[in-house]
Number of protein chains: 2
Amino acid sequence: MVCTSCVRKQEQEAEHGQLIASEASDPLPSWNEGATKKAIVDFVIHTTTDSSVGFIPVADRIACFDNDGTLWSEQPLYFQLAFALDRVKAMASQHPEWKNTQPFKALLEGDLKTALAGGEKALMQIVASTHSGMTTEEFDKSVKDWIATATHPKTGKHYNEMVFQPMVELLNYLRDSGFKTFIVSGGGIDFMRAWAEEVYGIPPYQTVGSSVKLKYEIGEDGEPVLVKLPELNFIDDKEGKPVGIQQHIGKRPVFAAGNSDGDYAMLQWTSTATGYPRFGMIVHHTDSIREWAYDRGSHIGRLEMGLNDASKYNWVLVDMKNDWRKIYSFEE
Amino acid sequence: MVCTSCVRKQEQEAEHGQLIASEASDPLPSWNEGATKKAIVDFVIHTTTDSSVGFIPVADRIACFDNDGTLWSEQPLYFQLAFALDRVKAMASQHPEWKNTQPFKALLEGDLKTALAGGEKALMQIVASTHSGMTTEEFDKSVKDWIATATHPKTGKHYNEMVFQPMVELLNYLRDSGFKTFIVSGGGIDFMRAWAEEVYGIPPYQTVGSSVKLKYEIGEDGEPVLVKLPELNFIDDKEGKPVGIQQHIGKRPVFAAGNSDGDYAMLQWTSTATGYPRFGMIVHHTDSIREWAYDRGSHIGRLEMGLNDASKYNWVLVDMKNDWRKIYSFEE
């Protein structure tokens, strides 16, 4: 009797072991073999092997990822902006004045160029009208409804299907190796939280982003609510990223991944820290067929300082076209 | 051969099982038997048993704890204020002007009453001079140095020895039951992070607190630093607590513990949420011998609204004197 149960247990352990061995043999199946993939795997082995000089205790294995252009696509316009534009259309009937007020008038006429010609002020008006003046729960629902229905103009896929499969594998690989994975994005924190846990396995409390101020108040039904105010609280971009990392995470990352100059300061803050090995990664958009190709001259995701200083800081440039076997999970 | 290894394994498992069983039989040994302890254990069993109607998925098991007066003592003055006063003394030689400037003059003369007579403005001057104008790393070091050496005027113990043993057990019990434990405190976020991970097992990214603004800049040696500015970023107190919870955690807690009216909004935000069972706890300071006894009339940790509305919201009042077998771990 004892040995029957032992044998069954050993079989289960062997199966489990095989599973782990097969995953361990290639934790990054959507990455082509080459210097980039080797650099990632070497770093993880080097920093998680007990006897290694580069060993990092689990408590300090903090990995930070930009979102737009790093974990999912960002062309032809930031997906959160697509959400805002769709919200303007959906809310137009409650705002008859928008028919004669820019930037809303142009938006409703489908003239994005005129709408955004007003620059940051116009953008802030759009954000304020679509990301505030409601409770956090109402906003969360509006994002969830949108992400479940809206589709991307080029691929026809839902926006949350346009996450990069190699990066999802990287997130899983790092977590399986004891790293805590965080999003550190210029995108709206509550916008990302509405879908990021399901798509990336990153919970709301490991999501750092831009935010508006909130107000705690008792609603008309006597129940407390948090209202999103039309006032910026924090911009988690450029020099704001190390600030956001400190305010939310409180530890200096050992791993950071970005794709644009908005990530330069985060990468610099990561790679100049001492004590442990550090890994800085830049996703370089080089695939004009399967995704988009852009860098120095782009109006979205401009990458210039990062390219200039990549070798200085030992940042690994991911060449999407050649390093990624697959970009989206829906590809054959 | 096979069976020798099986037997050894079974012995190890049996030992491990006993350990778990013994912990499970009383996960809260410093709590006296009674209604309070029973309410806690009942809640945890009710919400973590798969088949229970009150089952909460692990991802939503968010537990938030105030710090001052809830996880450690706060008398005769907030420990962080004791830190600030000690820092003023330590920094006085670099600030000869303090000899003639209030509130510093009074502080250096040991006249706390006069120093704090200036109210919030005086307090902010003390905080600004001791919590800003330095890098985050320098501040972290100053707190770690202080907590390792300073002692409490009444007990003679280090301040981080004055954490409540029953609450440390509660934190462990909740974590062992799949809850994520967060600090949500009016105290300074970076002040708490310097020692909370070691003492409470709560990492920096699960610590929510008040903060000053930070600036990312390149230091004189060419290395980037984050400088703490003499400007408030966020006050994580009263109605600020639900705001801090949303900005940092992004989920509504299912468990919250506080001790003063500064925690009222956090408790209300927790207990009025729907969908899952919720647990609200107020640590009532009733032990004038082993700790301190204070509530409605106290200048620190005033508890009035919480007492008035405890039954309305089903908040469990912890009677320190009778519910806690031991308050500090250093007691015999």
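Since the model is a prediction, treat every value here as computed from it, not as a measurement.

Each value, and the rule that gives it
- The numbers attached to residues start from 1 for each chain and follow its sequence in the written order.
- To label them, take the chains in the order written and letter them from A, then take the ligands in the order written and number them from 1.
- Two thresholds apply to this predicted model, a pLDDT of at least 70 for residue-level local features and 80 or more for giving and counting side-chain atom pairs, whereas whole-chain, interface and lining totals are computed over all residues.
- Side-chain measures here rest on the full set of heavy atoms in the structure, leaving out hydrogens and waters.
- Each helix corresponds to a stretch of at least 4 residues labelled H or I by DSSP, and each strand to a stretch of at least 2 residues labelled E; elements are numbered beginning at the N terminus.
- For each residue, the accessible area found with a 1.4 Å probe, counting protein chains only, is set against the maximum for its type, and the residue is called buried under 20%, exposed over 50%, and partly exposed in between.
- Whether two residues are in contact is decided by their heavy atoms, any of which lying within 4.5 Å being enough.
- Each accessible area is a Shrake-Rupley result for a 1.4 Å probe, and residues are judged covered by the shown protein chains and nothing else.
- Here the copies are matched by least squares. The fit uses the C-alpha atoms of residues with pLDDT of at least 70 in both.
- A residue's pLDDT is the predictor's confidence in that residue, given on a scale from 0 to 100.
- The pairing test for Phe, Tyr and Trp rings, Trp by its six-membered ring, is centres within 6.5 Å, and the orientation test on the planes gives stacked under 30 degrees, edge-to-face over 60, and tilted for anything in between.
- Definition used: whenever NZ (Lys) or CZ (Arg) falls within 6 Å of the ring centre and also within 35 degrees of the ring normal, the charge is taken to sit over that ring.
- Note on pairing: two strands pair once DSSP finds at least 2 bridges between them.
- Summed over both partners, the accessible surface that disappears when two parts come together, traced with a 1.4 Å probe, is what is meant by buried area.
- Throughout this description, the term salt bridge denotes a Lys or Arg side-chain nitrogen within 4 Å of a carboxyl oxygen of Asp or Glu.
- Each polar contact in these results corresponds to two N or O atoms within 3.5 Å; when the atoms are within protein, one needs to be able to donate a hydrogen and the other to accept it, and residues that are neighboring in sequence are counted only if both atoms are side-chain atoms.
- Axis lines are fitted through C-alpha atoms, for helices just across the contact stretch, and the angle between N-to-C directions can take any value from 0 to 180 degrees.
- By definition in this entry, angles of less than 35 degrees are roughly parallel, angles greater than 145 are roughly antiparallel, angles of 65 to 115 are roughly perpendicular, and the rest are oblique.
- Here is the rule for handedness: rotate from the far helix to the near one, and if that takes an anticlockwise turn smaller than a right angle the crossing is left-handed, while a clockwise turn gives right-handed.
- Three categories are distinguished: nonpolar for Ala, Val, Leu, Ile, Met, Phe, Trp, Tyr, Cys and Pro, charged for Asp, Glu, Lys and Arg, and polar for the others, with Gly belonging to the last.
- A patch consists of residues whose relative accessible area exceeds 30% and which take part in no salt bridge; residues with like charges are grouped when within 9 Å of each other, and nonpolar side chains (Val, Leu, Ile, Met, Phe, Trp, Tyr) when within 5 Å.

### Some remarks on the overall build of chain A
Scanning chain A for helices and strands turns up 13 helices and nine strands. Taking all 332 residues of chain A together, 53% fall into the buried category. Intrachain contacts of chain A at a sequence separation of at least 6 include 66% that bridge at least 24 residues. When the accessible area of chain A is evaluated, it comes to approximately 14800 Å², of which 53% is carbon and sulfur surface.

### What about the relation of the copies chain A and chain B?
Two chain copies, one operation linking them: a rotation about an axis together with a shift along it. When chain A is fitted to chain B, the best match, at an RMSD of 0.0 Å, comes from turning it 180° and sliding it 0.0 Å along the axis. The relationship between the two copies is best expressed as a two-fold rotation axis. The fraction of interface residues of chain A whose copies in chain B are also interface residues reaches 98%, indicating that both copies meet through the same surface.

### Looking at the confidence of the model for chain A
All names here are of chain A. Per-residue pLDDT for chain A averages 92, and the proportion of residues at 70 or more is 93%. When the criterion is pLDDT under 50, residues 1–22 qualifies, and its contacts beyond four places in sequence or with other chains add up to nine contacts. On the interface metric, ipTM, the complex scores 0.91, and its pTM is 0.92.

### Structural notes on the packing of aromatic side chains
With the rule as written, the count across this model stands at 50 aromatic pairs over all chains. Taking the centre distance of 4.9 Å and the plane angle of 5° together, the rings of F255 of chain B and F279 of chain B count as stacked. Of this pair, F255 of chain B sits in strand β6 (residues 255–258) while F279 of chain B is found in strand β7 (residues 279–286), placing the two residues 24 residues apart along the sequence. Classification of F255 of chain B by relative accessible area gives buried; the value is 0%. One aromatic cluster is present, formed by W72, F79, F83, F139, W146, Y159, F191, W195 and Y200 of chain A through successive ring pairs. Above the plane of the ring of W292 of chain A lies K154 of chain A, whose end atom (NZ or CZ) is 4.3 Å from the centre. For K228 of chain A, the ring lying beneath its charged end belongs to F139 of chain A, and the centroid distance is 4.5 Å.

### Details of unusual backbone geometry
All names here are of chain A. Cis rather than trans, the peptide bond between Q102 and P103 has omega equal to 5°. One can find P103 in the loop between α3 (79–91) and α4 (104–108). Unusually for a residue other than glycine, K238 sits at a positive phi of about 50°. The residue K238 is located in the loop between β5 (224–234) and α10 (240–248) in this model.

### Quick notes on the pairing of strand β1 (residues 62–65) of chain B
Residues and elements named next belong to chain B. Residues of β1 alternate between two faces, with I62 and C64 on one and A63 and F65 on the opposite face, all of them buried. Examined bridge by bridge, β1 and strand β3 (residues 180–188) share four bridges and lie parallel to one another. Paired with I62 across the strands is K180, a residue of β3. The pairing of β1 with β6 spans three bridges and is parallel. Paired with C64 across the strands is A256, a residue of β6.

### Observations concerning the interface of chain A and chain B
In this assembly, 44 residues from chain A lie in contact with 43 residues from chain B. On the chain A side of the contact with chain B, Y205, Y216 and Q247 of chain A bury the most area, a combined 22% of that side's loss. Our count for the chain A to chain B interface comes out at four salt bridges. At the junction of chain A with chain B, the criterion picks out 22 residue pairs in polar contact (both at pLDDT 80 or more). For the side of chain A that touches chain B, the secondary structure elements donating two or more residues are α1 (2–25), α7 (136–149), β3 (180–188), α9 (189–200), β4 (207–218), β5, α10 and α11 (264–271) of chain A.

### Looking at the side chain of T270 of chain B
Within the element layout of this structure, T270 of chain B appears in helix α11 (residues 264–271). Here M266 of chain B takes part through its backbone oxygen, which lies 2.8 Å from a polar atom of the side chain of T270 of chain B.

### Some words on the packing of α3 of chain A against helix α6 (residues 119–131) of chain A
All names here are of chain A. Packing of α3 against α6 leaves a shortest axis separation of 9 Å and a crossing angle of 65°. Between α3 and α6, the angle falls in the class roughly perpendicular. Crossing of α3 against α6: the hand is left-handed. Taking contact as the criterion, the partners of Q80, L81, F83, A84, R87, V88 and M91 in α3 are, on α6, L123, I126, S129, T130 and H131. Here the residues of the contact of α3 with α6 are counted per class, giving seven nonpolar, four polar and one charged.

### Focus on a nonpolar patch on the surface
On the surface, M124, L232 and I235 of chain A cluster together into a nonpolar patch covering about 230 Å² of accessible area. Looking at where L232 of chain A falls in the secondary structure, it is placed in strand β5.

### Notes on the pattern of salt bridges
Residues and elements named next belong to chain A. Throughout the structure, instances matching the rule amount to 34 salt bridges over all chains. One salt bridge connects D145 with K141, and the closest N-O pair in it is separated by 2.7 Å. Taken as a pair, D145 and K141 lie in helix α7 at a separation of four residues, close to a single helical turn. Classification of D145 as partly exposed rests on a relative accessible area of 39%. On the accessibility criterion, K141 (52% relative accessible area) is exposed. Each of D26, E33 and K37 takes part in one network of salt bridges that share partners.

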